[in-house]
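Structural overview
Listed below are the residues making up each chain.
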Amino acid sequence: MFDASVYTDRRNRLRNELKSGIVLLPGNPEAAYNYPANTYHFRQDSNFLYFFGLDHPDLNGIMDIDNDKDYIFGNDVDLDDIIWMGPQPLMSERAAKVGVQHTAPAKDLFEFVKEAKAKGRKIHFVPPYRGETYMLLEELLGIPFADVRNHVSVELIKAIVKLRCVKDQFEIAEIEKAVDIAYEMHTTAMRMAMPGRIEREISGTMEGISLSRGNPVSFPIILSIHGETLHNHFHGNTLVEGRMMVADAGAETTMHYASDITRTVPVGGKFNQRQKDIYEIVLEANMKTIEATKPGIPNRDLHLLAASVIATGLKNLGLMKGNVDDAVKEGAHAMFFPHGLGHMMGLDVHDLEGLGENYVGYDEEIQRSKQFGTAFLRLGRRHQPGFVFTIEPGIYFIPALIDQWRNEKKFMDFINYDKVEAFKDFGGVRIEDDILVTDTGYRVLGKPIPKTVAEVEAVMANPL
Ligand code: GLY
Ligand code: MN
Ligand code: MN
């Protein structure tokens, strides 16, 4: 937990953003796995963590903007709890650690909200994402389950986005710790990427490293010799020479800050010429967009720069043709790069996405593209110092997409389909790093994780 003043300051800044009313920030309860008492690993809600800091289930936070008071509703443990969980601090002691003076038993929240409603006060809340929270909001506010999302506070969403997007020094230090855990995860995975291994041996080892250093991974690990499937969670393939292994994985620190790193390596440890050709293009797209990062530049421009580097590289290999600027403008590159360059990262690996992707990644000036490929860019707007985001270009050969576009005779002026046919067995390459926007430019966060061909081959020369 950070110092109490960090949470008090965050709540004060949120108070300043909102004119009046009550902010209701529900914490998460436990979530049942396969029967009620067997729960998933507990994960606190990120907004609750950000403003109220306490990492325990069954707590709800209230900020009374008009009366300048903050409350945490939650129960003190009783003797039964102590028998199972050991002695626990009182709620009032816990709340004091995050600068909150007012606590009350969980059930009092209902009376508090009822009174506020009776007085016609505005109750701000953000979109829920768990069934239990929908049920709580339905009961507290009397809004039918299916209608809850129509009553969220856009004012609160925008205020939270404004605050959470800019990371302070404590948060940046935490994110760097998460990247350093990812360093261990990815260099271990590289050394394990040898023929005969099954993917899950590697993904399981990576998960174990994250758990042993902090918390479970920041999202389900994507690890596959079929990297052309972007979010591939099947880990049952046996590694074979000639394939590349994409590992997209990050850790969560004890404070729940995320990392999100992708590395792609040749099974066996040596790139063949074809692998090197494609890999070097993705690496150039990764490095050029990192180097172009600075305050004020729209992330959409970084995305298009990556697209341009990819189209140029593929043209040099004979897989694309024609004018590169026109190809990118029309979206021909997206057959090979059908996703966005990256997203915000922080307490959530896709930071704040639950509040609505367009509130986080777009604004009045920069709106989401409708074009296949660029439309999937989660973050388009201009960068500000303190933003932490991912840069994750890739090149993929997706047989079903290639066949469809070829049959539709799509972009015949820009794609050399005859040459592409020979790459349908290639798979994919993605390289992802976590970047801080500084006052003057950028900083790649954490200990540098090997990514040039020479660096990757050097790590893999010591297999595990
Ligand atoms: N969660 C996968 C990624 O955004 O990289
Ligand atoms: Mn990733
Ligand atoms: Mn990512």
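Residues numbered from 1 in each chain as written. Chains lettered and ligands numbered in written order. Predicted model: local features only at pLDDT ≥ 70, side-chain atom pairs only at ≥ 80, totals over all residues. Heavy atoms only, no water.

A cluster of like negative charges, contributed by D325, D326, E330 and D413, occupies part of the molecular surface. Relative to the helices and strands, D413 resides in the loop between α14 (399–407) and α15 (417–421). We classify D413 as exposed; its relative accessible area is 61%. (Patch = residues over 30% accessible without salt bridge, like charges linked within 9 Å, V, L, I, M, F, W, Y side chains within 5 Å. Areas by Shrake-Rupley, 256 points an atom, 1.4 Å probe, with all protein chains shown as cover. Salt bridge = Lys/Arg side-chain N within 4 Å of Asp/Glu carboxyl O. Lys, Arg positive; Asp, Glu negative; His and termini not counted. Charge placed at Lys NZ, Arg CZ, Asp CG, Glu CD. Helix = DSSP H or I, 4+ residues; strand = E, 2+ residues; numbered from the N terminus. Buried < 20%, exposed > 50% of the residue type's maximum accessible area, 1.4 Å probe, protein only.)

Binding of the manganese ion (ligand 2) to the protein goes through D248 (OD), D248 (OD), D260 (OD) and E432 (OE), at separations of 2.0 to 2.7 Å. Site description for the manganese ion (ligand 2): donor spacing in sequence, D-x11-D-x171-E. Separation of the manganese ion (ligand 2) from the manganese ion (ligand 3) amounts to 3.2 Å, with D260 serving as a shared donor to the pair. One end of the pair, D260, is in the loop between β9 (244–249) and β10 (261–266); the other, E432, is in the loop between β13 (428–430) and β14 (433–437), and 172 residues separate them in sequence. For the pair formed by D260 and E432, the shared burial category is buried. (Donors = N, O, S within 2.8 Å, 3.2 Å for Na, K, Ca; no water.)

Contacts to ligand 1 come from F219, H231, D248, D260, H343, H350, E392 and E432. Residue D248 places a side-chain N or O atom 3.1 Å away from an oxygen atom belonging to ligand 1. Within the side chain of E392, a nitrogen or oxygen atom sits 3.0 Å from an oxygen atom of ligand 1. Taken together, the residues of the shell around ligand 1 break down into 1 nonpolar, 3 polar and 4 charged. (Near = heavy atom within 4 Å. Polar contact = N/O pair within 3.5 Å; in protein donor to acceptor, adjacent residues only side chain to side chain. Nonpolar A, V, L, I, M, F, W, Y, C, P; charged D, E, K, R; others polar.)

Residue-level pLDDT values for the protein chain average 97, and 100% of them are 70 or greater. Confidence, expressed as mean pLDDT per element, reaches its minimum in the protein chain at helix α3 (residues 79–85) with 86 and its maximum at β14 with 99. (pLDDT = per-residue confidence, 0-100.)

Inspection of the entire model under this criterion finds 34 salt bridges. With a closest N to O distance of 3.1 Å, K424 and E421 form a salt bridge. Classification of K424 by relative accessible area gives partly exposed; the value is 23%. A relative accessible area of 30% places E421 in the partly exposed class. The structure contains a network of salt bridges with shared partners spanning D403, R406, D418, E421 and K424.

Moving on, we get to the packing of helix α8 (residues 169–192) against helix α16 (residues 453–460). Running from N to C, α8 and α16 cross one another at 70°; their axes reach a closest spacing of 8 Å. Between α8 and α16, the interaxial angle falls into the category roughly perpendicular. Counting all contacts with α8, which are made through T187, M190 and R191, the residues of α16 involved are V456, V459 and M460. Across the contact of α8 with α16, the residue classes break down as 4 nonpolar, 1 polar and 1 charged. (Axes fitted to C-alpha atoms, helices over the stretch in contact; angles between N-to-C directions. Parallel < 35°, antiparallel > 145°, perpendicular 65-115°, else oblique. Contact = heavy atoms within 4.5 Å.)

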